[in-house]
Structures are given as structure tokens and as C-alpha cells.
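# An overview of the molecular structure
Listed below are the residues making up each chain.
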Amino acid sequence: MKNLLQACRSGLSSLLRSGQRPVSGEKKQILFCAHNELTAGYLSRALPLFDASRHEVFLSFFPLSHTLSAPGNIAERCGLPYLPADRISRRAWDLILVADHVYEQGAMPAGVPVVYMPHGLLVMRLKENGRVHRFDRWAFDAQGHSAYRAILFDNESNASAAARDFPALKEAVKVTGCLGVDRMLALRPERERFRRELGIPEGEKAVLIMSSFYPEGLMKKYGRALLDQAARLQGSGRHFIVSAHPNLWVEPGFLELMEEQKARGLRVLDPDEPLEPFLIAADAAVSDFTSLSLAFALLGKPLIYVPIDAGRFDRHSLLVRLAAGLPRLDVPEDMETVLDRAFRDYPHAFLNETARQIYPHPGEAASRMKKEFEKILRIPS
């Protein structure tokens, strides 16, 4: 594995820095570069946008700070041919697609266009340096220009904020929507089937508890107390489902905590389970500022936030605006009361109005992204 990571660092960095294009063929050469299985999964959703008769698409991985197990198996699960790192420099790439920043200063290509297709809706959370992750230093090259040919956004509000605050990104900003969100919305008619398959008892309200991995997130700040309340209420007309960010599962003690919840009768999503069936099957959600909360908001069902510090978010954040107008769970002990009230009386009009701002072009992500890719590849639409 050490040799694999070294080869990946050497081969990929060499390619990206030099823009080397030693091999040319009739088909456009497309490289999906992932950081882990999560981002590989997001990238794989773009595969249908590239016609196999005109494109060859491969998956490879950027150098990682932790061990990546069986990258070839990950590629197979994603439906993509795996390209080992030591073979990257042998091909002439026409486009590189990434789902997160390239965390290597100066490693952006000198002739190969790179498109940043983020993995999830943008919540506009500020990092410790006061910058939103998508606009952090990795978004710029050494000269201060955009490191990407295109950065894909969910809505005009976030795109306008990026272009206004960072003029160097203006030409790269594109509003396309999100393939994963469109897939979720298309699966809404399957709600009853999902509920049966997931074992949600008829007549019970399914409540999805969702957490990011940040220190101020739900699981780290309220986790055990909130889970205790869920276990207490489980079966009394409520069916609780716990969804935690995959990054939490590698932290000490977290796996044991989740096994404990399973033993208490709570349904816990494993990190590799598809999220869409649970989002659609649920009747309500309790959440922190995870981007999944924005996706859930698009489904028009009661969404309840735990307290969110607005000072940790960009002033343009639609998530902060959404959370400010929805019911809030201030302390875990109030969960039963807050849920009961939400099912009786909920500000659906506000939720739906804000959802239209969060995701104004439902069902259009594939066509909008394909148009951007074809522009870059100079293929007639």
C-alpha cells in the first residue's frame, strides 16, 4: 500500500504539473480523480453523461493521508474502469473531474481542464480561516486565477456570492444542480416500497437523525443524550433512523456507539448504505447543518434543526436562513414535544419557498452538466 500511494503521488502529480499528453486517440480521454470511496461514488454519477462511443472514462485516486483499501474494487462498485496511478501519465487527458479540491499546491494541470463537481449541496460553512471550503486557497492557482475550468453550483444565490466575493472565479462559476439530488427527487414515487423494504412499521412516523462530522455537529455535541431520547421513544408511534457522516465512523469509539444503538432497537445506517431510500421514507428529520438537511428540505417534510451558530457560516448561507425559520430542538429532552408539534403545525410554506431557492432547477442537472462538459471538450451539443 505504501508503494501504491507513492506511485500515485509521483504519477498523478507529474501529470497534473506538466499537463503532459503523450497519447492521443479518437475518443476523448476523461479522468475521474477521487480522494476516497465517498467522492468516487459522487463522480460515478456523471458517467452516463459521457457517451461511450466518444469518450473513455477512467477512475483513479489522489494521494491520501490514510490507507485506501482495494481501489480497484471501489472502481468496480462505481461501474468505472480503474486506472492505476503509475499508468496515468501514459494517457492524453481531455478533462479531469474532481469531487473535492486537489490538496497539493501547484498540482493543477497546465493544459488539462479540471471541473470541480462538489459532493453535496453547499451549506456555506466557514472554516477556521474564515473561508468557505469551496472558495478556499485550493480554488486558486499560484497566480491567483481559478484552478478550475468550471466549478459547479446548486443555485444562483451561491454562485453569485462566489463571483461577487472572488472575481477570479467568476468565469468558472456554473449553475448546474446536483446529480445526486435529482436522483433522490426522481425516486419519490417509491416511498411506500422503501418503507416496506426498510421495515418501518405501518402507522409509525419515521424520524431521521442526521449528523455532520464537525466538532459542533449533532453527534459530537448532543449525540448520546439525543440517542437516549430516540431509544426511549422508539416504538411509541416513532421509528428512529440514525445517519452519521462516514468520517465519524473512523473515530475512536464511534463504531461501538453505533452498535450500542442497534442493540437498543434504533436503525443505524452503515456508512456505505445508499441514503435516498431513508430520506424518502422518513416522515421528519432532526439535523445539524449537514448538507443532507438541504436535500431533505426539498422533499417538503418536517425538518427540525438543533441549534446552529450562524456566525460559523457565510452571510449568504441559505441553510442559516432556512434554519432560522424552522422549528428548533434546543435540548434533547424536548424531542418528543418538538416532534409532536411539528407533525401538527409546521411552516410548510416557508420551507417550500426556501427550498425553491436552494434548488431552483430540479431535474436539470444532467442536461446542464453535459452542456458544460461538451463546451469544454468542444463537442457540438
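Further up the page is the structure itself.
In what follows, the accompanying structure is described.

Reading the values: rules and limits
- Residues numbered from 1 in each chain as written.
- Predicted model: local features only at pLDDT ≥ 70, side-chain atom pairs only at ≥ 80, totals over all residues.
- Heavy atoms only, no water.
- Buried < 20%, exposed > 50% of the residue type's maximum accessible area, 1.4 Å probe, protein only.
- Helix = DSSP H or I, 4+ residues; strand = E, 2+ residues; numbered from the N terminus.
- Pairing = 2+ DSSP bridges.
- Phe/Tyr/Trp six-rings, centres within 6.5 Å; stacked < 30°, edge-to-face > 60°.
- Polar contact = N/O pair within 3.5 Å; in protein donor to acceptor, adjacent residues only side chain to side chain.
- Contact = heavy atoms within 4.5 Å.

With that settled, consider the pairing of strand β7 (residues 205–211). By the criterion of burial, β7 is predominantly enclosed, with 6 of the 7 residues buried. Note: β7 against strand β8 (residues 238–244), 7 bridges, orientation parallel. What sits directly across from Val207, in β8, is Phe240. Pairing of β7 with strand β10 (residues 284–287), which is carried by 4 bridges, proceeds in the parallel orientation. Each residue of the ladder has a partner; that of Ile209, found in β10, is Val286.

Further remarks concern the packing of aromatic side chains. The geometry of two aromatic rings is summed up by the distance between their centres and the angle between their planes. Under the defined criterion, the tally for this structure stands at 12 aromatic pairs. An angle of 50 degrees between the planes, with centres 6.4 Å apart, marks the rings of Phe61 and Tyr82 as tilted. Residue Phe61 is found in strand β2 (residues 55–61), and its partner Tyr82 is found in the loop between α3 (71–78) and β3 (95–98); the two are separated by 21 residues along the sequence. Note on Tyr82: relative accessible area 26%, which makes it partly exposed. The rings of Phe135, Phe140, Phe153 and Phe166 are connected pair by pair, giving a single aromatic cluster.

Mapped onto the secondary structure, Glu276 falls in helix α9 (residues 276–281). A distance of 3.3 Å separates polar atoms of two side chains, one belonging to Glu276 and the other to Arg183. Leaving out residues up to four positions away in the same chain, Glu276 has contacts with Arg45, Gly180, Arg183, Met184 and Leu187.

With that out of the way, let us pick up the environment of Gln357. Mapping Gln357 onto the fold places it in helix α13 (residues 348–358). Between the C-alpha atom of Gln357 and that of Leu318, which follows or precedes it by 39 residues, the distance is 7.9 Å. Once residues lying within four places of it in the same chain are set aside, the contact partners of Gln357 are Asn155, Leu318 and Arg321.

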